[in-house]
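Letter by letter, the chains look like this.
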Amino acid sequence: MRTKPGPRRYALFLLPCLALARPVVAAGPCPDASDPACRADSGWTMCRAPLASPLDRPSPEARLRAELLIEAGSAEYVAGTRAELDEGFEMSRLDQRLQATRGSYDRATGTFRATGDVYYRETGIALTGDAFRLQLDSNAGRIEQARYALVEQHARGRADRAAWDGAGHADLERATYTTCDPGDGSWLLTATRIDLDFDEGLGEAEDAVLRIADVPVFYTPWIQFPIDDRRRSGLLMPSIGNSSDSGFDLALPYYWNIAPNRDATFTPRVMSKRGLQLGTEYRYLYVTDDVRRFIQQGQFDLEVLPDDDIFGDDRVGLRVQHTGRPADHWSLGLDAGYVSDSEYLRDLGGTLAESNANFVTRRGYATYAAGDLGFSAQFDYRQPLVESRPYQALPRLLFDYAPYGEGLLRYGLDAEMVRYDRKEARNGNPEVTGLRLDLQPWFGASAQRPWGFLEPRVALRHTAYRLDDAGPGSDGRPTRTLPVASIDGGLFFDREAFGGTLRQTLEPRLFYLFVPYEDQRGLITNSRGSDVVFDTGLPRFSWNSLFRDNRFSGADRVGDANQLSVAITSRFVDDRNGSERARFDLGQILYFRDRKVTPPRREVDTSTTSPIVARATAYPGYDLSLSGELIWDPDKERTESGSLTVAYRPGARRLARVAYRTSRDTRREIIEQIDAGISWPIGGSWHAVGRWLYSIEASTSLETFVGFEYKSCCWATRLVLRDFVRDVQQPDTRDTAVMLQFELSGLGHLGDDVTGFLRASLPGYTGARP
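Residues numbered from 1 in each chain as written. Predicted model: local features only at pLDDT ≥ 70, side-chain atom pairs only at ≥ 80, totals over all residues. Heavy atoms only, no water.

1. Considering helix H5 (residues 754–761)
Each turn of an α-helix holds 3.6 residues, which means side chains three or four residues apart point in the same direction. Among the residues of H5, those classed as buried are Val754, Thr755, Phe757, Leu758 and Ser761. Looking straight down H5, one finds its buried side chains confined to an arc of 160 degrees; they lie on one side. Along H5, the residues that are exposed and aim more than 90 degrees away from the buried face are Arg759 and Ala760. Residues of H5 that are buried sit in contact with strand S39 (686–695), strand S40 (700–711), strand S41 (715–725) and strand S42 (734–744). (Buried < 20%, exposed > 50% of the residue type's maximum accessible area, 1.4 Å probe, protein only. Helix = DSSP H or I, 4+ residues; strand = E, 2+ residues; numbered from the N terminus. Arc of directions from axis to C-beta. Contact = heavy atoms within 4.5 Å.)

2. Some details on the packing of aromatic side chains
Counted by the stated rule, this structure contains 22 aromatic pairs. Ring geometry for Phe132 and Trp164: centres 6.0 Å apart, planes at 35 degrees, overall tilted. Of this pair, Phe132 sits in strand S6 (residues 125–135) while Trp164 sits in strand S8 (residues 155–164); the two residues are 32 residues apart in sequence, bridging distant segments of the chain. Judged on exposure class, the residue Phe132 and its partner Trp164 are both buried. Plain terms: the ring middles of Trp543 and Phe547 are 5.8 Å apart, the flat faces sit at 70 degrees to each other, and that makes the pair edge-to-face. Judged on exposure class, the residue Trp543 and its partner Phe547 are both buried. Cluster of aromatic residues (ring-pair linked, three or more members): Tyr391, Tyr420, Tyr465 and Phe534. Here the basic side chain of Arg422 rests over the ring of Tyr391, its NZ or CZ set 4.2 Å away from the ring centre. For the cation-ring pair, Arg595 lies above Tyr591, with the distance from its terminal atom to the ring centre recorded as 3.5 Å. (Phe/Tyr/Trp six-rings, centres within 6.5 Å; stacked < 30°, edge-to-face > 60°. Lys NZ or Arg CZ within 6 Å of the ring centre and 35° of its normal.)

3. Quick word on a negative patch on the surface
Together, Asp307, Asp309, Asp313 and Asp314 make up a negatively charged patch on the protein surface. On the basis of relative accessible area, Asp309 is assigned to the exposed category, the value being 54%. (Patch = residues over 30% accessible without salt bridge, like charges linked within 9 Å, V, L, I, M, F, W, Y side chains within 5 Å. Areas by Shrake-Rupley, 256 points an atom, 1.4 Å probe, with all protein chains shown as cover. Salt bridge = Lys/Arg side-chain N within 4 Å of Asp/Glu carboxyl O. Lys, Arg positive; Asp, Glu negative; His and termini not counted. Charge placed at Lys NZ, Arg CZ, Asp CG, Glu CD.)

4. Here we look at a nonpolar patch on the surface
Among the surface-exposed residues, Trp330, Leu373, Phe375, Phe399, Tyr401, Leu408, Leu409, Tyr411 and Phe443 lie close enough to one another that they form a single nonpolar patch of about 820 Å² accessible area. Looking at the nonpolar patch, the elements with two or more residues in it are strand S23 (373–384), strand S24 (392–401) and strand S25 (409–421). By the element assignment, Leu409 lies in strand S25.

5. Re the state of the cysteines
Here a disulfide denotes one covalent bond, and it connects the sulfur atoms of two cysteines. The tally for this structure, following the rule as stated, stands at one disulfide. Each sulfur in the disulfide pair Cys180 and Cys714 lies 2.0 Å from the other. Here the S-S torsion is close to 80 degrees, and the disulfide linking Cys180 with Cys714 is therefore right-handed. Highlighted residues: Cys180 in the loop between strand S9 (169–177) and strand S10 (187–197) and Cys714 in the loop between S40 and S41, separated in sequence by 534 residues. Each member of the pair Cys180 and Cys714 is classed as buried. (Disulfide = S-S within 2.5 Å.)

6. Things to note about the side chain of Glu122
Here Glu122 shows up in strand S5 (residues 111–122). A polar side-chain atom of Glu122 sits 2.4 Å from a polar atom in the side chain of Tyr120. (Polar contact = N/O pair within 3.5 Å; in protein donor to acceptor, adjacent residues only side chain to side chain.)

7. Examining the side chain of Thr433
Checked against the element boundaries, Thr433 lands in strand S26 (residues 433–445). The exposure class assigned to Thr433 is buried, which follows from its relative accessible area of 7%. Setting aside chain neighbours within four positions, we find Thr433 in contact with Tyr391, Arg419, Tyr420, Asp421, Arg422, Arg466, Leu467, Asp468 and Phe534.

8. Section: unusual backbone geometry
Cis geometry is adopted by the peptide bond preceding Pro395, which originates at Leu394 and carries an omega value of -5 degrees. By the secondary structure assignment, Pro395 is in strand S24. Even without a glycine there, the phi angle at Glu637 is positive, about 50 degrees. Secondary-structure assignment places Glu637 in the loop between strand S35 (624–633) and strand S36 (638–651).

9. Quick notes on the environment of Leu189
Along the chain, Leu189 turns up in strand S10. Residue classification places Leu189 among the buried residues on the basis of a relative accessible area of 3%. The spatial distance from the C-alpha of Leu189 to the C-alpha of Thr179 is 9.8 Å, given a sequence separation of 10 residues. Among all residues touching Leu189, those that are not within four sequence positions of it are Ala175, Thr176, Tyr177, Ala205, Ala208, Val209, Leu210, Ile223 and Phe225.

By themselves, these are just geometric observations and shouldn't be taken as functional.
Here it is in C-alpha cells:
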C-alpha cells in the first residue's frame, strides 16, 4: 500500500504585478437572481457553497435506471415520441433537475431541449442560460449564454456557450472564472476558452487576462490552474522578498509528483547580492503493513549556492530526516544536518532561533520496546558553529528493564554504554577519548493511595571507562561505584473553597536523597593533566531539580548528597467540570552537608539551602491566563531566573501575550528580555500580527515585526515588515526584510511563505478567516 504525502497547489503562470483592491462582498440576499449561485437553495454569501456538500456523483447507469419525472403547465405529444412542454416545466431524475419556460423531450433520442429562463443543476454544478440541450443517456449537454457555479471549487463565471461530455470534461467559450461571491469583483479571469477537467482536477485557459477589481493586470496566451487539491507536477507560485543582507530575493519552485507516495521540489533562488542558489526537497512515505501500520517516511533537503558574492565561496546546506516502524516493537529515526560554514544559518536561515543556533545536530536512533524491556542505539553528533568543540556520542547504547506489576515491590536495571570522540587537538596535544559504561540496578517499592503515596528506592551505580590518550600517570581504566538511596512521599488534602464552586487542594511532598561522597577528580584527565568530563554539567536549577537523584546531567559525575527536598502544591479545581483554575508550587532543598563533588574547575558548594523555586499559573477567566516562575537564591540574595507571562485569548484567532524573562548566562551575566506578541482581527476580514523581542541589558530590540493580513473567500494578502538581529551576541548585526504574500483562491499564491514564518515566530497564531 502507498500513502500520499501532503497536497500542493500550483499554477503554471506568473503574476508580474498585482493591484490590491477592496472587494465588494454581498450581504444579505444575493445581488443577482440570474446567477446560479444565487438561485441555489442556501444562497452563496460569506463563502458558503450554493448547495449542500455533494455526494459522490451517480453513475450513468444509475441515472438511466432512475425514474424520470416531468411536470409542465401544458404538454402536447407529437407522433407519440416527443412531448412539447410550455407554460413552465420541471424535469427531475435522481440528482438532476431542469427548470425552464418551455421545451421538449424526445423519447426516441433521449434528448431534452429547453429555452427561456433555463436553470439546471446536478451534483456539484448549477447553471442558468437561454437555451439548453441535454442528452439523457450520456449526460452530455450544452447551454447558451451560460452562467455557472461549481460547488466543490466554490467557483463561478459566465460563458457564451458551455458544453460538457458527461465524462468529467467541460468546455467554456468566451468565459470568465472566479472563486469570489456574487457581487464581489476582487478578481476575475477572462479567456476565449476555458477547459475544465474534473477527472484530472485541472483547468486550462487560452488568451487569458487576469483582472483585479476589473483592471487588467496580466495577459498570457495559455495558463493551467488547479480546480482541486490533488498533487500534480508543475511550477509552484514564486516566492518574492527583499532583505538588506541578501537583496532582492526571487525563488521559483518546480514540483514533481513522482508517485502517489513520493515527490520532489526543485527551487532555483536568485538573490541579487549573493547569486543563484538551487534547493532540492525530496519526500517519501511507505506503509509496509496495512494492519500494523509499519510506516516509513522521510525528507531530503539540499541547498547549493555556488560562489556567494558576499561570502566569497561555495555554500551548501543539507538535512536528512527519517522516521519509521520497520517491524513490531522497532522504531527508527534520523535527523542529520550539515552546513558548509559557520555563518550559513545566520546568512541564509529563517527565524531568529535558527540564525542564532550554535550547532547543527545529527542524531539517529533505533529503538526496541516490548513489555518490560527497552533497548536503544543512538548517535549524537553536533557540527559546531562556534569555537566550542563538544564531545560526540558515537554511538550510545541504552538498555532498561523494569517489570512493573501490581504489587508493592519494584525493581529494574538501567544501563548505558557510550563511545565519546573529539578529533580536534589543541596545540598538537591529542584529546582524551574513550568508552563509558554506566550500570544502575535498582530496587524499590510503591504504595499509592487516594490520600498520598510513598516510594522508597535503592540503587547501585557503577561506571567504568576505557580511555584513549589519557593524561600521563592516570588510570586508563578508571571505575566508580556508589549507592544511591531515596524516599519520595506526599499527602493530598482538599476542601471546598469560594462557596463550593471550587475545590482547593494542599499537596505537601518530601524527597530525601542520600549518596556518599567519593572524590571524582582525575577520573578522566587529558594529555595536559587537566580534569575533563565528556557530557556532564550542572543543568539550570528548576522545579524538577528538587526530585532528581543526581544533580549532574551526565554520568561522569555522581553528586554526593544528604539532602531533603520540601515542596508544596496547591490547586484550585472547578467542581463542575474538573478544570484547573489555578496552581501554586513552592519548593526548596535543605542540604545537611557540603557538596564536594563538582565539575572541573568549580569550587565546593557550601550553601545550606538551594534556591527557592516558586511557580504559579492562574486562569482568572477562560480567556485570560497568568503564569510565572521565580528562582531565588537566599544565600546570594539574588534572582537566578524568573519569568512572568500574561496571555489573553478570547477566541481561536485572537491572542495577545506579554512575557518578561530574566536569567543568568554561563558567565553569570544577567539576561533580561521582554517578549510581546499579538494576533488580532481588526475589522471585517482584516487581521493584524506583531512581535517585539527586546533585550533590556543590551538596550536594543532583537526582533520586531508587524504585519497585516486580509482574507476573503476568494483572495488573501499578507504583508510583514521585519527588523531583527542576525547574531544576538552582536546586536549591531541587524537586518531588515519585507515579506509579501498574495493568494487568489483556486489559482495559487505569490510571494514569501508568510504564513509559515508567523506560525514559527508567533506561538498561537492561526490567522485571519473570511
